[in-house]
Amino acid sequence: MPRNLPTDDVERHDPALHKAFRTACQRYLATRRDHRFANPGMWLKLVFLALCGAVCYSLCLTSSGLFAFALCYVGFLFFAMMLVVNVLHDASHNAFCRSARANAWLGRIISVPLGLDADSWQVRHVQFHHPYTNIQGYDPDIDENGVLCQTPFQRWKPVMRYQHLYWPLVTALTFPWYAWYMDWRDRLGETAFTRHLPHPGAKGVMLFLLLKGAHFLLALGLPALTLAGTVSLPGLLAVYLASQMLVSALFVSLLIGTHWAKGHFYPTPEKKAVPHSPYHHAFATTFDWETRPRLLGYWLGGLNLHLTHHLFPAWSHRHFAALSVIIDEVASQHSLEYRRVSVGDLLRLQRGHLKRMGKGTESTATDERQR
């Protein structure tokens, strides 16, 4: 991956648009006498999800058979994933606590049950995915993987004709792939992300090993010790992998699928600059979508309002519903299209994009890369 592209200052590049958003948001906070971080309600949600996960985990350790263990273990990892969606995602953008240090440690603790390295996630997601969404060679979420052809600028293989059918399997394998391979490569200096990690050198390696060890003990060690003779080791490993794959499919499809649905992708820029301003880039690459019932968006951590999140990543998701109204009003005044799609339309657009990319040929992909 190349070095960071120089991102345009939004205030300089889009002064009128920036002023409109800033004024509307300042008025919104002033009227409510509020701030952009988590409020007591968000902390209560954290405690509730953590307690639900703890109950499921306790039931795992006292289960009387493989089926009961599997059911409770899926519940444990499901609530762990919900904590990632509702808390770690905000914390990685320093939008949960006021302190960056507190956000970092909160993210590290919450990521332990899933085995993901929160520091690596923060670098990949915040420092690269957000400013360079859908830009080939800079957005790690669309890195060429040899399994999916996600953009017109990637190599094509005949098997990719069927990627619109097998892509859920790829999303399901994402968490295990990052937890047991990519995180290690990042920490051991084998990727371009290593130099961006917050704790380089021996200190960072020790912290990394400590958190990975905590995951191993929590997810596999304690269940193996307490359920010896009740659940076999192969059964435990199978439940662990299946549960990881299930929550991975749910999370990744919500996070990446929105950008697939928009369908706008950009080649690696020759002039080492983003193709247009950050505001316009967000509108070009990201959707907001509706949830039914609306309360579901609250429990999804606002991931359905994904354009809103990309425009206001440093805000707690508790504000996203109100911010989306502001975006609609400001966009209409500046000739920008803002619309929310239904879940059905989102899935249809995702599938349509993967089918289009799956019909490509190696020569076509090469031509696109050379444009």
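As the structure is a computational prediction, the values presented were derived from the model and not from experiment. (Residues numbered from 1 in each chain as written. Predicted model: local features only at pLDDT ≥ 70, side-chain atom pairs only at ≥ 80, totals over all residues. Heavy atoms only, no water.)

### Focus: the overall build of the protein chain
- When its secondary structure is counted, the protein chain shows 16 helices and 2 strands.
- Relative to the compact-globule value of 21 Å for 371 residues, the protein chain shows a C-alpha radius of gyration of 21 Å, a close match.
- Dimensions of the protein chain along its principal axes, counting C-alpha atoms only, are 65 × 55 × 45 Å.
- In the protein chain, buried positions account for 51% of the 371 residues.
- Sequence separation of at least 24 residues holds for 73% of the intrachain contacts in the protein chain that already meet a minimum separation of 6.
- Surface accessibility of the protein chain: about 17400 Å² in total, with carbon and sulfur atoms responsible for 64%.
- Averaged over its 36 positive side-chain charges, the protein chain has a centre that lies 3 Å from the centre of its 25 negative ones. (Helix = DSSP H or I, 4+ residues; strand = E, 2+ residues; numbered from the N terminus. Rg over C-alpha atoms; globule rule 2.2 N^0.38 Å. Buried < 20%, exposed > 50% of the residue type's maximum accessible area, 1.4 Å probe, protein only. Contact = heavy atoms within 4.5 Å. Areas by Shrake-Rupley, 256 points an atom, 1.4 Å probe, with all protein chains shown as cover. Lys, Arg positive; Asp, Glu negative; His and termini not counted. Charge placed at Lys NZ, Arg CZ, Asp CG, Glu CD.)

### Observations regarding a nonpolar patch on the surface
- Residues Phe-78, Leu-246 and Leu-250 make up a contiguous nonpolar surface patch of roughly 240 Å² in combined accessible area.
- By the secondary structure assignment, Leu-246 is in helix H10 (residues 233-262).
- Residue Leu-246 is classed as partly exposed on the basis of its relative accessible area of 42%. (Patch = residues over 30% accessible without salt bridge, like charges linked within 9 Å, V, L, I, M, F, W, Y side chains within 5 Å. Salt bridge = Lys/Arg side-chain N within 4 Å of Asp/Glu carboxyl O.)

### As for empty space enclosed by the protein
- Here the structure, examined in full by the defined rule, presents 2 cavities of 30 Å³ or more.
- In this structure, the largest cavity encloses a volume near 70 Å³.
- If you trace the largest cavity, you find it lined by Arg-108, Ser-111, Val-112, Gly-115, Leu-116, Asp-117, Phe-208, Leu-211, Lys-212 and His-215.
- When contributions to the lining of the largest cavity are tallied by element, the ones reaching two or more residues are helix H5 (100-111) and helix H9 (201-226).
- Broken down by element, the residue count for the lining of the largest cavity peaks at 4 residues, all from H9.
- Here the lining of the largest cavity is built from residues that sort into 4 nonpolar, 3 polar and 3 charged.
- Computed from the structure, the second largest cavity encloses a volume of approximately 50 Å³.
- For the second largest cavity, the full set of lining residues is Lys-262, Phe-283, Thr-286, Phe-287, Asp-288, Leu-307, Glu-337, Tyr-338 and Arg-339.
- Looking at the lining of the second largest cavity, its residues break down into 4 nonpolar, 1 polar and 4 charged. (1 Å grid on protein atoms, 1.4 Å probe; cavity = no way out; pocket = protein on both sides within 12 Å on 5 of 7 lines; lining within 4 Å. Points joined across faces, edges and corners; volume = space filled by probe spheres on them. Nonpolar A, V, L, I, M, F, W, Y, C, P; charged D, E, K, R; others polar.)

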